[in-house]
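Structure at a glance
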Amino acid sequence: MNLNRILAVLSLTFFIYSCSEQKITGTFEFNDDWEFIRDADTTITANLFQQGNADGLEWRSVSLPHTANVEPLVISGDQWQGYAFYRKFFTLPQGSQGQHIAIEIGAAMQVAEIWLNGTYLMTHHGGYLPAYIDLTGLVAEHPAVNVLLVRLNNLDNPQVPPGKPIKTLDFNYFSGIYRTALLLVKNPVHISDPLAAKRVAGGGIRIHYEEVSDASATMVVHTDIFNMSAVDEEISVHLSLLDREGNEAISSFSEPVVVHGAGYQQVRQEMKIGNPSLWSPDSPYLYTLNIMVVQSGKTLDQTSLKAGIRTFRFTAEGFELNGKKLWLRGTNRHQEYPYIGYALSDEAQHRDAYKIKQAGFNFVRLSHYPHSLAFMEACDELGLMTMDAIPGWQFFGDSVFQERSIMDVRNMVRRSRNHPSVILWEASLNESGMTGDFIDRAHKAVHEELPDGDVYTCGWMDYGYDVFIPARQHGQPPHYWNHYNTGKPILIAEYGDWEYYAQNAGFNQTEFSDLKTEERNSRQLRGFGPVRLAQQALNYQEAHNSNLNGKAAGDANWLMFDYNRGYAPDLEASGISDIFRIPKFAYYFYQSQAGPDLAPEAKFGKPMVFIANYWDTPEWTDVKVYSNGDEVELLLNDQVIAKQKPDTDRYSTNLVHPPFTFQIPKYEPGTLTARAYIGGLIVTETTRTTPGKAARLELAWDKSGRDLAPGGRDVVFVYATIVDEAGNPVHSDNRPVVFEVVGDAELIGHNPIEAEAGIATILLKTGKTPGAIKVTARAVELQDGILKIE
């Protein structure tokens, strides 16, 4: 490993500690120069720890995040499962002698056996939470070369949550070391790791807030110090809270405390902040908290984190944030990407959060397992509240499974507890037949780990937890709310899919009386056409409108993005965006429920208007327009059809912004124009034009609030839209498209791939070499599309 490269990349995150000799401490990326092989003999031999191919195996050079198998777009219940080996040869930075050394792997699916230099160290069970590998005293010092070997398997395992066999699972056990890794070099006296310390309400940094108001707030910081040396050490903790501009808002120095040899000591400090900027979805203000462990004027260890000051509570009457009632308008998310499974870049994680916020949501349930810290950091930054969840779905295992699940509860909380976005802890195995004893233990574990502040557990069973989170389909139509009238806080955690798919619920089953049964449900691929996409949107509208009848704190639709399932031969298509993150009509229904924010600098909730009709066939002339305006005016070929207020039908009685439905007496090709008004003024408009003959391809890449990651290892979608000469999308054209790339990047996915509703998508993975990337798309009888990404 090149030390100069490490210092250049991480110049802001390391520092030097001097005693009798110069020592280096810091946190370093550990993602490059891994070697990987799959489907090999799983026997551990000495040759595996030697550089080169002394073992006769064809090792591939890879970087993290990494998937052990590139899957087809539609897995059809046949996802790869098996063993994979990962190894990395590395040299410690000079000056790390005598320090605490560890490697942290963000997540690997799902049982990881780990060796260092031929010696077995540990086995990590679970595919969603970090593995902390303590190498102190075991790793060879600079300049010796070490080798870390991981034997990883994602096989069915009833003793590792979620536990359910993949053939009956509603999601997948995607393979690989699919999150990033870090090399940690710390002083012998250092801030402990929240998971490795295994201390109830301890380990690392724990923050909570007291007496929060617009006038003042008290931040309470618990810093857990570990002394790995044999002698007692006296230290102090220095806190510095910085505002967005980098100015110090307040600081605190603790009294000196003694940390006994081979022992822990937790330091508690309070800081009262005057006129705090409070965190909320509309204003997600983040402070930076710097924590330093100091001894005789020298910094032994330091870390920093983002802090959002807020207070909240759930009651039977709903949810309050910072003293104001707020409806949690939410969705569910699975973390899957097509082809690469869970191996998303941190930037891709951010883009998913950005899309959820852009869709008009202020809340997201992390279904059904802990998601990446990069995603949670994006939620903190963008203003998305979250429900963190342990791994679980329709399975309750033996005593080993249950003990590991309770440990998942604790480790989930320890990992995520300082994120201002987290408002609920789903310490519940989703839709699983848990015992009362398990529920009691899981609920208790959360409150033991978080004995202070605003803390709420939740579960799908109406027992034991602070908040009841039923799915809408668990009730009986049409009296959903009566079924949920339990007297405790309620959030409807799923709705809009199963009750329509199962045909056992809903008030609009005769809305399109001439449709087939499958056309009435919410599982609609984007390529199924505008009528079926409109049905999906109406289902969500109806269910959301109904949810607003009662006193729930909020609701979360099922779901944001289409995804694969272990048990099914097709995609689960109830997402309001497809698996490539392209919106369906329902996306714009939800977007219309946010705002409008008329501020020129607004990023989200801006005035919007969307025409839910392609206007390319005389067979469907109903035009529904989604908007957060007061009025909408619809024109056809510059002739006014109508200017009207929002709908007042039975699907719209409780909506913040009902849709606008227009009846056009006769189809006429041309251009529909929708203008949204607020206070009598046009605030935005959009058009939809009947396309002509397909002529060319237009390319775009999915930025969604994040540029390509510097230094590579990013993944982004590239979209090729089939358009006519005037640039109008031709949604009926599904011809195959071929992609090519020039530059340090690779294309992942079916290539060629048929367009769906006029758009073909490929996944682009960038390399480490800086420079321009050129993507070309070709299709028969169409002009090529060219995209250059600098």
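Quick caveat, the model's predicted, so the values are computed rather than measured.

Turning next to the confidence of the model for the protein. Per-chain confidence: the protein averages 93 in pLDDT, with 94% of residues scoring 70 or above. The low-confidence segment residues 1-20 (pLDDT under 50) makes 39 contacts with residues lying over four places distant or belonging to another chain.

Taken in spatial order, the 4 strands make up an open sheet running β38-β39-β43-β41, and their pairing is antiparallel. Looking at strand neighbours, the two that pair on one side only are β38 (694-701) and β41 (745-748), the edges of this open sheet. Neighbouring strand axes in the sheet, compared pairwise and without regard to direction, differ in orientation by 30° on average. One ladder, built from 7 bridges, connects β38 with strand β39 (residues 715-724); its direction is antiparallel. Bridged to Leu697 within β39 is Ile722.

Burial analysis of helix α3 (residues 373-382) places 7 of its 10 residues in the buried class, the great majority of the element. On the buried face of α3, the contacting elements are β24 (328-333), α2 (346-358), β25 (363-366), β26 (385-389), α4 (399-416) and β27 (422-426). Where α3 begins, the capping side chain belongs to Ser372, and its oxygen is found 3.0 Å from the backbone nitrogen of Ala374.

Our next topic: helix α5 (residues 436-449). With 14 residues, α5 extends 20 Å from end C-alpha to end C-alpha; this agrees with the ideal 20 Å at 1.5 Å per step. Buried within α5 we find Phe438, Ile439, Ala442, His443, Ala445, Val446 and Glu449. End-on, the buried residues of α5 take up no more than an arc of 150°, which puts them together on one face. In this fold, the buried residues of α5 make contact with β13 (205-210), α4 and β27.

What follows is about the pairing of strand β34 (residues 639-644). Bridge count between strand β33 (residues 631-636) and β34: 5 bridges; the pairing is antiparallel. Bridging across to β34, Val632 finds its partner in Gln644.

To continue, consider the pattern of salt bridges. Inspection of the entire model under this criterion finds 39 salt bridges. The partner of Arg87 in a salt bridge is Glu35, and the shortest N-O contact between them spans 2.6 Å. With Arg87 in strand β5 (residues 83-90) and Glu35 in strand β3 (residues 34-38), this residue pair connects regions lying 52 residues apart in the sequence. Note on Arg87: relative accessible area 0%, which makes it buried. With a shortest N-O distance of 3.9 Å, Arg532 and Glu519 are connected by a salt bridge. Here the residue Arg532 occupies a position in helix α8 (residues 530-547), and Glu519 occupies one in the loop between α7 (498-501) and α8, the gap between them amounting to 13 residues. The buried category is assigned to Arg532, whose relative accessible area is 14%.

The next subject is the sheet that holds strand β23 (residues 324-325). Taken together, 3 strands build an open sheet; the order of strands is β21-β22-β23 and the sheet is antiparallel. Of all the strands in the sheet, just β21 (312-315) and β23 have a single pairing partner and so form its edges.

Inspection of the secondary structure assignment puts Arg151 in strand β10 (residues 146-153). The residues touching Arg151, leaving out its near neighbours within four places in the chain, are Thr42, Thr43, Ile44, Tyr83, Ala84, Phe85, Val111, Ala112, Glu113 and Trp115.

The full count for this structure, using the stated rule, is 35 aromatic pairs. Arranged with centres 4.6 Å apart and planes meeting at 15°, the rings of Tyr128 and Tyr369 form a pair that is stacked. Taken together, the positions of Tyr128 in the loop between β8 (119-125) and β9 (131-134) and Tyr369 in the loop between β25 and α3 put the pair 241 residues apart, joining distant regions of the chain. A single burial state applies to Tyr128 and to Tyr369, both of which are buried. Ring geometry for Tyr354 against Phe604: centres 5.2 Å apart, planes inclined by 65°, an arrangement best described as edge-to-face. Placement of the pair is Tyr354 in helix α2 and Phe604 in the loop between α9 (585-592) and β31 (609-611), with a sequence separation of 250 residues. According to the relative accessible area criterion, Phe604 is buried, its value standing at 17%. The ring of Trp80 has Arg38 lying over it, and the distance from NZ or CZ to the ring centre is 5.0 Å.

For the rest of this paragraph, the subject is the side chain of Asn332. As for its position among the elements, Asn332 is in strand β24. A polar side-chain atom of Asn332 sits 3.1 Å from a polar atom in the side chain of Arg365. There is a polar contact of 2.6 Å between the side chain of Asn332 and the side chain of Ser367.

At a minimum axis distance of 8 Å, the contact between α8 and α9 shows a crossing angle of 35°. In this structure, α8 crosses over α9, and the sense of that crossing is right-handed. Along the contact surface, α8 presents Pro530, Leu533, Ala534, Gln536, Ala537, Tyr540, Gln541 and His544, while α9 presents Phe585, Ala586, Phe589 and Tyr590. Class assignment for the residues of the contact of α8 with α9 results in 9 nonpolar, 3 polar and no charged.

Okay, the pairing of β26 next. In terms of burial, β26 is a largely internal element, 5 of the 5 residues being buried. For β25 and β26, the ladder comprises 3 bridges, and the chain directions are parallel. Bridge assignment links Arg365 to a residue of β26, and that residue is Met387. Of the pairings in the sheet, the one linking β26 to β27 comprises 4 bridges and is parallel in character. Following the sheet pairing, Asp388 is matched in β27 by Trp425. Read as a crossover between parallel neighbours, the route from β26 over α4 to β27 is right-handed.

Definitions and cut-offs
Residues numbered from 1 in each chain as written. Predicted model: local features only at pLDDT ≥ 70, side-chain atom pairs only at ≥ 80, totals over all residues. Heavy atoms only, no water. pLDDT = per-residue confidence, 0-100. Contact = heavy atoms within 4.5 Å. Pairing = 2+ DSSP bridges. Helix = DSSP H or I, 4+ residues; strand = E, 2+ residues; numbered from the N terminus. Axes fitted to C-alpha atoms, helices over the stretch in contact; angles between N-to-C directions. Buried < 20%, exposed > 50% of the residue type's maximum accessible area, 1.4 Å probe, protein only. Polar contact = N/O pair within 3.5 Å; in protein donor to acceptor, adjacent residues only side chain to side chain. Expected span 1.5 Å × (residues − 1). Arc of directions from axis to C-beta. Salt bridge = Lys/Arg side-chain N within 4 Å of Asp/Glu carboxyl O. Phe/Tyr/Trp six-rings, centres within 6.5 Å; stacked < 30°, edge-to-face > 60°. Lys NZ or Arg CZ within 6 Å of the ring centre and 35° of its normal. Left-handed = near helix turned anticlockwise from the far one by under 90°. Nonpolar A, V, L, I, M, F, W, Y, C, P; charged D, E, K, R; others polar. Right-handed = clockwise from strand over helix to strand, strands pointing away.

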